[in-house]
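These are the residues of each chain, in order.
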Amino acid sequence: MYKWPLRTDALSCWKPYVFFVAYLALLMLYPGFAYTTVGGSSELFANNRCYLYLQFIACFFVVGMTANMFEETFQKDSKQYIHTFPLRTGSIIFARYAKLLFFILIPYVPTVLVMFTQANASLQDYLLLFPDTGDCPPIPLLFPLVHCVIAVNFYIIGTMFLMFILQSKVIALIIIMIYCAMEAAMLHFIFPRFVVFRGAFNIPDFYHILPTNIQILAVVSVVMLAFILLFYKTWHPWVRKS
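The structure presented is a predicted model; accordingly, all values stated were derived computationally and were not measured.

(A) A look at a nonpolar patch on the surface. A cluster of nonpolar side chains, contributed by Val-170, Ile-174, Ile-178, Met-182, Met-186, Phe-189, Ile-190, Phe-191, Phe-194, Ile-216 and Val-220, occupies part of the molecular surface with about 1,000 Å² of accessible area. Only α6 (169-190) and α7 (212-231) provide two or more residues apiece to the nonpolar patch.

(B) Quick look at helix α2 (residues 50-74). Counted at 1.5 Å a residue, the expected span for α2 with its 25 residues is 36 Å, and the 33 Å between its end C-alpha atoms agrees. Cys-59 marks the point of greatest bend in α2, at about 40°.

(C) Looking closely at unusual backbone geometry. If you check the backbone angles, Gln-167 has positive phi at about 55° while not being a glycine. In this structure, Gln-167 sits in the loop between α5 (142-166) and α6. Since its relative accessible area comes to 14%, Gln-167 is described here as buried.

(D) Summary view of the nonpolar core. Within the largest apolar cluster, 69 residues are counted, with the highest numbers of intra-cluster contacts made by Leu-54, Phe-74, Tyr-108, Phe-116, Tyr-155 and Ile-156. Where this core is concerned, the elements lending two or more residues are α1 (6-29), α2, α4 (89-129), α5, α6 and α7. Ignoring anything within four residues of it in the chain, the contact list for Ile-156 reads Val-62, Thr-66, Tyr-97, Leu-100, Leu-101 and Ile-104.

What counts, and at which threshold
- Residues numbered from 1 in each chain as written.
- Predicted model: local features only at pLDDT ≥ 70, side-chain atom pairs only at ≥ 80, totals over all residues.
- Heavy atoms only, no water.
- Patch = residues over 30% accessible without salt bridge, like charges linked within 9 Å, V, L, I, M, F, W, Y side chains within 5 Å.
- Areas by Shrake-Rupley, 256 points an atom, 1.4 Å probe, with all protein chains shown as cover.
- Salt bridge = Lys/Arg side-chain N within 4 Å of Asp/Glu carboxyl O.
- Helix = DSSP H or I, 4+ residues; strand = E, 2+ residues; numbered from the N terminus.
- Expected span 1.5 Å × (residues − 1).
- Bend = angle between axes of the 7 residues up to and from the residue.
- Buried < 20%, exposed > 50% of the residue type's maximum accessible area, 1.4 Å probe, protein only.
- Core = buried A, V, L, I, M, F, W, Y, C linked by side-chain atoms within 4.5 Å.
- Contact = heavy atoms within 4.5 Å.

Here's what the structure looks like:
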(Lines give C-alpha, C1' and ligand atoms only; values in the text may rest on other atoms or scores of the structure.)
Protein backbone atom coordinates (compact mmCIF):
# COMPACT_ATOMS: atom_id res chain seq x y z
CA MET A 1 0.00 0.00 0.00
CA TYR A 2 1.29 3.46 -0.95
CA LYS A 3 2.23 5.62 2.03
CA TRP A 4 2.18 9.39 2.35
CA PRO A 5 5.81 10.61 2.24
CA LEU A 6 6.90 12.05 5.59
CA ARG A 7 9.44 14.26 3.81
CA THR A 8 6.63 16.21 2.12
CA ASP A 9 5.09 17.20 5.45
CA ALA A 10 8.48 17.93 7.01
CA LEU A 11 9.35 20.36 4.23
CA SER A 12 6.03 22.17 4.60
CA CYS A 13 6.26 22.92 8.33
CA TRP A 14 9.89 22.67 9.44
CA LYS A 15 10.36 26.45 9.68
CA PRO A 16 7.50 27.15 12.13
CA TYR A 17 8.55 24.01 14.02
CA VAL A 18 12.06 25.37 14.52
CA PHE A 19 10.64 28.67 15.83
CA PHE A 20 8.26 26.70 18.08
CA VAL A 21 11.12 24.70 19.61
CA ALA A 22 13.16 27.88 20.10
CA TYR A 23 10.17 29.52 21.82
CA LEU A 24 9.74 26.53 24.16
CA ALA A 25 13.44 26.58 24.97
CA LEU A 26 13.08 30.25 25.94
CA LEU A 27 10.21 29.40 28.29
CA MET A 28 12.30 26.74 30.02
CA LEU A 29 15.43 28.85 30.33
CA TYR A 30 13.78 31.84 32.05
CA PRO A 31 11.94 30.91 35.29
CA GLY A 32 10.34 34.38 35.36
CA PHE A 33 7.74 33.21 32.85
CA ALA A 34 6.42 30.84 35.54
CA TYR A 35 6.25 33.44 38.32
CA THR A 36 3.38 32.40 40.60
CA THR A 37 1.40 34.23 43.25
CA VAL A 38 -1.46 33.25 45.55
CA GLY A 39 -5.09 34.18 44.99
CA GLY A 40 -8.36 33.58 46.78
CA SER A 41 -9.63 34.31 50.26
CA SER A 42 -11.35 31.34 51.93
CA GLU A 43 -9.65 28.82 49.62
CA LEU A 44 -6.20 29.74 48.31
CA PHE A 45 -4.99 28.84 44.84
CA ALA A 46 -1.90 29.34 42.68
CA ASN A 47 -2.15 32.00 40.01
CA ASN A 48 0.27 32.64 37.13
CA ARG A 49 0.43 33.34 33.37
CA CYS A 50 1.73 29.93 32.30
CA TYR A 51 -1.31 29.23 30.15
CA LEU A 52 -0.79 32.51 28.33
CA TYR A 53 2.60 31.23 27.16
CA LEU A 54 1.87 27.50 26.92
CA GLN A 55 -1.58 27.70 25.33
CA PHE A 56 -2.48 31.08 23.84
CA ILE A 57 0.90 32.00 22.30
CA ALA A 58 1.81 28.38 21.54
CA CYS A 59 -1.48 28.09 19.64
CA PHE A 60 -0.19 30.36 16.88
CA PHE A 61 2.80 28.10 16.24
CA VAL A 62 0.65 24.95 16.26
CA VAL A 63 -1.96 26.48 13.97
CA GLY A 64 0.75 27.64 11.57
CA MET A 65 2.33 24.19 11.36
CA THR A 66 -1.04 22.50 10.89
CA ALA A 67 -2.16 24.96 8.22
CA ASN A 68 1.06 24.54 6.22
CA MET A 69 0.95 20.77 6.50
CA PHE A 70 -2.70 20.25 5.51
CA GLU A 71 -3.23 23.21 3.17
CA GLU A 72 -3.17 21.16 -0.03
CA THR A 73 -4.98 18.24 1.58
CA PHE A 74 -8.25 20.13 1.89
CA GLN A 75 -8.22 22.30 -1.23
CA LYS A 76 -10.66 21.15 -3.90
CA ASP A 77 -8.26 20.64 -6.81
CA SER A 78 -5.47 19.19 -4.70
CA LYS A 79 -7.87 16.83 -2.94
CA GLN A 80 -9.11 15.47 -6.26
CA TYR A 81 -5.52 14.84 -7.31
CA ILE A 82 -4.70 13.12 -4.01
CA HIS A 83 -7.68 10.82 -4.49
CA THR A 84 -6.06 9.42 -7.65
CA PHE A 85 -3.40 7.76 -5.46
CA PRO A 86 -4.04 4.42 -3.73
CA LEU A 87 -4.24 6.08 -0.31
CA ARG A 88 -6.70 5.45 2.47
CA THR A 89 -8.20 8.33 4.43
CA GLY A 90 -6.37 7.07 7.49
CA SER A 91 -3.05 7.52 5.72
CA ILE A 92 -3.94 10.93 4.29
CA ILE A 93 -5.45 12.36 7.47
CA PHE A 94 -5.13 10.37 10.68
CA ALA A 95 -1.56 9.10 10.36
CA ARG A 96 -0.27 12.56 9.45
CA TYR A 97 -2.25 14.19 12.26
CA ALA A 98 -0.86 11.66 14.76
CA LYS A 99 2.71 12.27 13.57
CA LEU A 100 2.29 16.04 13.81
CA LEU A 101 0.87 15.76 17.34
CA PHE A 102 3.72 13.44 18.34
CA PHE A 103 6.47 15.74 17.07
CA ILE A 104 4.83 18.77 18.70
CA LEU A 105 4.56 16.99 22.05
CA ILE A 106 8.22 15.89 22.05
CA PRO A 107 9.46 19.38 23.05
CA TYR A 108 6.14 20.59 24.45
CA VAL A 109 5.61 18.07 27.27
CA PRO A 110 9.02 18.68 28.90
CA THR A 111 8.40 22.42 28.66
CA VAL A 112 5.08 22.11 30.50
CA LEU A 113 6.65 19.98 33.23
CA VAL A 114 9.63 22.32 33.64
CA MET A 115 7.47 25.44 33.73
CA PHE A 116 5.13 24.09 36.40
CA THR A 117 8.05 22.78 38.43
CA GLN A 118 9.39 26.33 38.32
CA ALA A 119 5.90 27.61 39.16
CA ASN A 120 5.77 25.46 42.30
CA ALA A 121 9.23 26.69 43.31
CA SER A 122 8.07 30.26 42.74
CA LEU A 123 4.95 29.56 44.79
CA GLN A 124 7.05 28.37 47.72
CA ASP A 125 9.23 31.47 47.48
CA TYR A 126 6.10 33.63 47.50
CA LEU A 127 4.73 31.88 50.59
CA LEU A 128 8.07 32.34 52.38
CA LEU A 129 8.11 36.01 51.45
CA PHE A 130 4.50 36.52 52.56
CA PRO A 131 3.95 34.00 55.39
CA ASP A 132 0.68 35.65 56.43
CA THR A 133 -0.90 34.62 53.12
CA GLY A 134 -1.65 31.10 54.35
CA ASP A 135 -0.99 27.61 53.10
CA CYS A 136 -1.54 27.23 49.35
CA PRO A 137 -1.29 23.72 47.86
CA PRO A 138 1.30 23.15 45.11
CA ILE A 139 0.15 22.60 41.54
CA PRO A 140 -0.14 18.88 40.65
CA LEU A 141 2.09 18.53 37.56
CA LEU A 142 -0.22 15.99 35.92
CA PHE A 143 -3.21 18.35 35.82
CA PRO A 144 -1.74 21.21 33.74
CA LEU A 145 0.01 18.62 31.56
CA VAL A 146 -3.35 17.03 30.71
CA HIS A 147 -4.86 20.48 30.10
CA CYS A 148 -2.07 21.54 27.75
CA VAL A 149 -1.95 18.28 25.76
CA ILE A 150 -5.71 18.30 25.20
CA ALA A 151 -5.55 21.99 24.23
CA VAL A 152 -2.74 21.46 21.70
CA ASN A 153 -4.60 18.51 20.22
CA PHE A 154 -7.65 20.76 19.83
CA TYR A 155 -5.62 23.46 18.06
CA ILE A 156 -4.46 20.90 15.48
CA ILE A 157 -7.84 19.30 14.87
CA GLY A 158 -9.69 22.63 14.97
CA THR A 159 -7.42 24.06 12.28
CA MET A 160 -7.84 20.94 10.16
CA PHE A 161 -11.62 21.06 10.59
CA LEU A 162 -11.94 24.70 9.53
CA MET A 163 -9.78 24.16 6.46
CA PHE A 164 -11.79 21.02 5.64
CA ILE A 165 -15.14 22.81 5.90
CA LEU A 166 -14.06 26.05 4.21
CA GLN A 167 -11.49 24.58 1.81
CA SER A 168 -9.41 27.71 2.36
CA LYS A 169 -6.33 28.15 4.53
CA VAL A 170 -6.63 31.94 4.53
CA ILE A 171 -10.26 32.07 5.68
CA ALA A 172 -9.62 29.43 8.35
CA LEU A 173 -6.67 31.41 9.74
CA ILE A 174 -8.68 34.63 9.74
CA ILE A 175 -11.46 32.98 11.76
CA ILE A 176 -8.93 31.61 14.25
CA MET A 177 -7.25 35.00 14.64
CA ILE A 178 -10.61 36.72 15.15
CA TYR A 179 -11.57 34.25 17.86
CA CYS A 180 -8.21 34.64 19.62
CA ALA A 181 -8.61 38.43 19.59
CA MET A 182 -12.18 38.17 20.93
CA GLU A 183 -11.15 35.89 23.77
CA ALA A 184 -8.24 38.12 24.74
CA ALA A 185 -10.53 41.16 24.70
CA MET A 186 -13.85 40.13 26.21
CA LEU A 187 -14.90 36.46 25.96
CA HIS A 188 -12.88 35.47 29.02
CA PHE A 189 -15.05 37.89 31.02
CA ILE A 190 -18.36 36.71 29.55
CA PHE A 191 -17.72 32.94 29.56
CA PRO A 192 -14.84 32.45 32.02
CA ARG A 193 -15.28 28.68 32.43
CA PHE A 194 -15.99 27.80 28.81
CA VAL A 195 -13.38 29.64 26.73
CA VAL A 196 -10.63 27.79 24.88
CA PHE A 197 -7.76 29.59 26.64
CA ARG A 198 -9.11 29.52 30.18
CA GLY A 199 -6.36 30.66 32.52
CA ALA A 200 -4.48 32.70 29.92
CA PHE A 201 -6.43 35.90 30.63
CA ASN A 202 -8.44 34.96 33.71
CA ILE A 203 -8.07 32.71 36.75
CA PRO A 204 -6.63 29.28 35.85
CA ASP A 205 -7.89 26.03 37.35
CA PHE A 206 -4.81 24.00 38.22
CA TYR A 207 -6.51 21.77 40.78
CA HIS A 208 -8.98 19.80 38.64
CA ILE A 209 -7.76 17.40 35.98
CA LEU A 210 -10.76 17.99 33.70
CA PRO A 211 -12.28 21.44 34.18
CA THR A 212 -15.25 22.40 32.03
CA ASN A 213 -13.35 23.95 29.14
CA ILE A 214 -10.96 20.97 28.86
CA GLN A 215 -13.89 18.56 28.80
CA ILE A 216 -15.44 20.57 25.96
CA LEU A 217 -12.17 20.68 23.99
CA ALA A 218 -11.68 16.92 24.35
CA VAL A 219 -15.19 16.02 23.19
CA VAL A 220 -15.25 18.53 20.33
CA SER A 221 -11.85 17.31 19.12
CA VAL A 222 -13.09 13.73 18.84
CA VAL A 223 -16.23 14.84 17.00
CA MET A 224 -14.35 17.06 14.52
CA LEU A 225 -11.71 14.43 13.76
CA ALA A 226 -14.35 11.75 13.26
CA PHE A 227 -16.25 14.08 10.91
CA ILE A 228 -13.15 14.70 8.81
CA LEU A 229 -12.29 11.00 8.59
CA LEU A 230 -15.85 10.02 7.66
CA PHE A 231 -16.50 12.66 5.02
CA TYR A 232 -13.08 13.54 3.61
CA LYS A 233 -13.69 11.85 0.27
CA THR A 234 -17.29 13.00 -0.15
CA TRP A 235 -17.49 16.51 1.33
CA HIS A 236 -17.92 19.28 -1.28
CA PRO A 237 -19.45 22.29 0.50
CA TRP A 238 -20.08 25.65 -1.12
CA VAL A 239 -18.08 24.79 -4.23
CA ARG A 240 -19.13 26.47 -7.45
CA LYS A 241 -19.54 24.21 -10.40
CA SER A 242 -17.53 25.21 -13.42
